[in-house]
Amino acid sequence: MVGTCTSPTCAWAVALPYRVLTMAPPLLLLLLASGAAACPLPCVCQNLSESLSTLCAHRGLLFVPPNVDRRTVELRLADNFIQALGPPDFRNMTGLVDLTLSRNAITRIGARAFGDLESLRSLHLDGNRLVELGTGSLRGPVNLQHLILSGNQLGRISPGAFDDFLDSLEDLDLSYNNLRQVPWAGIGAMPALHTLNLDHNLIDALPPGAFAQLSQLSRLDLTSNRLATLAPDPLFSRGRDAEASPAPLVLSFSGNPLHCNCELLWLRRLARPDDLETCASPPGLAGRYFWAVPEGEFSCEPPLIARHTQRLWVLEGQRATLRCRALGDPAPTMHWVGPDDRLVGNSSRARAFPNGTLEIGVTGSGDAGGYTCIATNPAGEATARVELRVLALPHGGNGSAEGGRPGPSDIAASARTAAEGEGTLESEPAVQVTEVTATSGLVSWGPGRPADPVWMFQIQYNSSEDETLIYRIVPASSHHFLLKHLVPGADYDLCLLALSPAAGPSDLTATRLLGCAHFSTLPAAPLCHALQAHVLGGTLTVAVGGVLVAALLVFTVALLVRGRGAGNGRLPLKLSHVQSQTNGGPSPTPKAHPPRSPPPRPQRSCSLDLGDAGGCYGYARRLGGAWARRSHSVHGGLLGAGCRGVGGSTEQLEESVV
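This one's a predicted model, so the numbers in the text were calculated from it and none came from an experiment.

Participant: Mind laying out the overall build of the protein chain, listing which residues take part and the relevant values?
Facilitator: Of regular secondary structure, the protein chain possesses nine helices and 33 strands. In the protein chain, which comprises 658 residues, the proportion classed as buried is 37%. For the protein chain, the proportion of contacts with a sequence separation of at least 24, taken over those separated by at least 6, is 55%. When the accessible surface of the protein chain is split by element, carbon and sulfur atoms take 57% of a total near 37,300 Å².

Participant: Any details on the sheet that holds strand 19 (residues 311-315)? Residues and values, ideally.
Facilitator: Taking strand neighbours across the sheet as the criterion, the four strands line up as 19-26-25-22 in an open arrangement whose pairing is mixed. At either margin of the open sheet sits one strand with a lone partner, and together these are strand 19 and strand 22 (333-337). On average, each strand axis in the sheet is tilted by 25° relative to the strand beside it, whichever way the strands run. Of the pairings in the sheet, the one linking strand 22 to strand 25 (residues 369-377) comprises five bridges and is antiparallel in character.

Participant: Which residues make up the pairing of strand 4 (residues 72-76), and what values do they have?
Facilitator: Judged from the four bridges that link them, strand 3 (residues 51-55) and strand 4 form a sheet pairing that is parallel. Directly across from Leu52, in strand 4, lies its bridge partner Thr72.

Participant: Any details on the sheet that holds strand 31 (residues 480-483)? Residues and values, ideally.
Facilitator: Taken in spatial order, the three strands make up an open sheet running 27-28-31, and their pairing is antiparallel. Lying at the two open borders of the sheet, with one neighbouring strand each, are strand 27 (432-434) and strand 31. In this sheet, adjacent strand axes meet at a mean angle of 25° when their direction is disregarded. When strand 27 meets strand 28 (residues 441-444), the two strands line up antiparallel, connected through three bridges. Across the sheet, residue Thr434 finds its bridge partner in strand 28, namely Leu442.

Participant: Outline the packing of aromatic side chains, supporting the account with residue identities and numerical values.
Facilitator: Inspection of the entire model under this criterion finds 10 aromatic pairs. A centroid spacing of 6.1 Å and a plane angle of 90° characterise the contact between Phe253 and Phe290, whose relative ring orientation is edge-to-face. Remark: Phe290 occurs in the loop between strand 17 (279-281) and strand 18 (301-308) and Phe253 occurs in the loop between strand 15 (250-252) and strand 16 (258-259); sequence separation between them is 37 residues. Accessibility classification places Phe253 together with Phe290 in one group, the buried group.

Participant: If you had to explain the pattern of salt bridges to someone new, which residues and values would you point to?
Facilitator: Across all of its chains, the model carries 11 salt bridges by this definition. In this structure, the salt-bridge partner of Arg103 is Asp126, at a minimum N-O distance of 4.0 Å. On the criterion of sequence distance, the pair formed by Arg103 in the loop between strand 6 (98-100) and strand 7 (108-109) and Asp126 in the loop between strand 8 (122-124) and strand 9 (132-133) is long-range, its members being 23 residues apart. With a shortest N-O distance of 2.7 Å, Arg139 and Asp164 are connected by a salt bridge. Of this pair, Arg139 sits in the loop between strand 9 and strand 10 (146-148) while Asp164 sits in the loop between strand 11 (156-157) and strand 12 (171-173), placing them 25 residues apart in sequence. A relative accessible area of 24% means that Arg139 is categorised as partly exposed. You can call Asp164 partly exposed: its relative accessible area is 23%.

Participant: Describe unusual backbone geometry, and please don't skip the residues or the numbers.
Facilitator: Following Ser281, the chain continues to Pro282 via a peptide bond in cis, the omega torsion being 0°. Its location among the elements puts Pro282 in the loop between strand 17 and strand 18. Cis geometry marks the peptide bond from Asp329 to Pro330, where omega comes out at 5°. You can see Pro330 is positioned in the loop between strand 21 (324-329) and strand 22. Located in the positive-phi region is His58, a residue other than glycine, with phi close to 55°. A relative accessible area of 60% places His58 in the exposed class.

Participant: Can you break down a nonpolar patch on the surface residue by residue, with the values?
Facilitator: Taken together, the side chains of Leu62, Phe63 and Phe81 make up a nonpolar region of the molecular surface, amounting to roughly 360 Å² of accessible area. Looking at where Leu62 falls in the secondary structure, it is placed in the loop between strand 3 and strand 4.

Procedures and definitions
All residue numbers here refer to positions counted from 1 along the written sequence of the relevant chain. Local features in this predicted model are restricted to residues of pLDDT 70 or higher, and side-chain atom pairs are both shown and tallied only at a pLDDT of 80 or more, whereas totals for entire chains, interfaces and linings draw on every residue. Each side-chain value is worked out from all heavy atoms of the structure, with water and hydrogens disregarded. Numbered from the N terminus, helices here are DSSP runs of H or I no shorter than four residues, and strands are runs of E no shorter than two. For the exposure calls, accessible area comes from a 1.4 Å probe over protein chains only, and a residue counts as buried if that area is under 20% of its type's maximum, exposed if over 50%, partly exposed in between. By the convention used here, residues are in contact when the closest approach between their heavy atoms is within 4.5 Å. For the accessible areas, the method is Shrake-Rupley and the probe is 1.4 Å, while residue cover comes only from the protein chains on display. Strands qualify as paired when DSSP identifies two bridges or more between them. All axes here are fitted lines through C-alpha atoms, helices being fitted over the stretch that makes contact, and every angle between N-to-C directions spans 0 to 180 degrees. Within 6.5 Å between ring centres, the rings of Phe, Tyr and Trp (the latter by its six-membered ring) count as paired, and their orientation is classed by plane angle as stacked under 30 degrees, edge-to-face over 60, tilted in between. Here, a salt bridge means any side-chain nitrogen of Lys or Arg that lies within 4 Å of a carboxyl oxygen of Asp or Glu. Only residues whose relative accessible area exceeds 30% and that form no salt bridge enter a patch; like-charged residues are grouped when within 9 Å of one another, and nonpolar side chains (Val, Leu, Ile, Met, Phe, Trp, Tyr) when within 5 Å.

These figures capture arrangement, not role.
Written out as structure tokens, the structure reads:
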């Protein structure tokens, strides 16, 4: 592609004949070469009114041309395929005023890529693929007035990204991005800002007073965000009286899920009947025009504590979680006040969550007392009291806390020492650990002294494998407890304590030692034994199954052989009449046989009647015998009929046919 040059030097060179150019002195050729190199090959250069414009739009560029004239005032690089910007791209271009990089594929801007553009007034970066703007991405243009960043994929902008041009910026366009937060502190410190476009983002909250210092702001677009409410701001009241205000504000916030309650009553009182904002909630106002809803319907509901922890008992050193849930419109803000009437804030030991949960990581005796849950919203407040009791663990021999909490490895020794000091160990029922296996053991104890009330039992134990002290709480009605998940082949020290209720509200829970025990778990079964048992069991199963299958096959073959032999056998012939044939002699007259009664039916039911045998055979044997007998009987009947003639009696024939 041949570059087009419209500068006077290039135009004069084009007009010269070829022969003149070939005869020109070296100085003229150098002048022509310098004029042609000022414009990049695929661009168009214009030098009008002593200002050089380099037009490189729609040129398919993959990067900023390196040979752009450094005296360029206007540089247009829109609608190309540039992907990144760095400091060398605009180095020494101190006179550049207008830079257009719209609709490229820019994903990264290096630190101080615009560092030399001290005269830049307008920067267009819209329609690119920027995801983040760092602190140094826009460093350099200290006189920037128009910054267009719309149509990108921005999700984060560093708080100091706009610091170099806070005093000069007039137009800021951040629309059509993925912003949930913007650098509100930087935007609020732009006194010359006239237009701020934040529409079509994911902004869900505006900090109070974010626009209080923007006295020159005339247009604020918050359309199509996720704003449910707007905090009162003096800026919005400027749009109420356009004549009295030096810079009336044009405010747009349609397309947001507005929650029309008392928090937006201040905004409703700004008469703006020409706007089309609608309410998204509460259900009674959903879908109605914001400015058409009467002020009396912008109401709130005071907080109501729906449920909360009333009383909580924890052991000293354990975590305590106090819960408090409140309802209201708008959603109440939750706070906690401790026993010392001070607001409980987040610290290394305690943490208050926005949903009303207070969590104390490691409780001590000083944490015991009454806590107050406070729920507040613009309609009022509600409170609830939660009582926290911290059960003290047994300490040194005299029961005081001066000796500190016993370590996990000397639990039995410290407990026995305390018992000897009290002198009650011998009178208390013994604690026994029975039915010990590799991973479990059954702890048993007696009912104790009936005069001492017991609130609950506490089991403390630790092993030689793990020095961690483990606690188990058992109801007062139980006198057995099964310990599970023990370490095989380990030694355990165990002590049982009885917890009695405190005498007064300020007293600590009394603990009394019932006894201690020492036991050892069984070693774990070797893996090879278990594997051998599985192998032997599987082999035995396969052997028994093989014997059963072989027996079944033998039995089946025997049945088949027996059935085939019965089918091939021959039954003896049983003929009703036997006729002899002579050569010419008279045929003997057959003797008349008396009619026989039909044979009785066999007692056992068979599928075929096989005559006198009366037995039941296999199917193949019965079928073969029946057909053999039928053929023999019919043969004998035909012989008799041939001797008697056609008119003979058929009684004997019917009798002989099955």
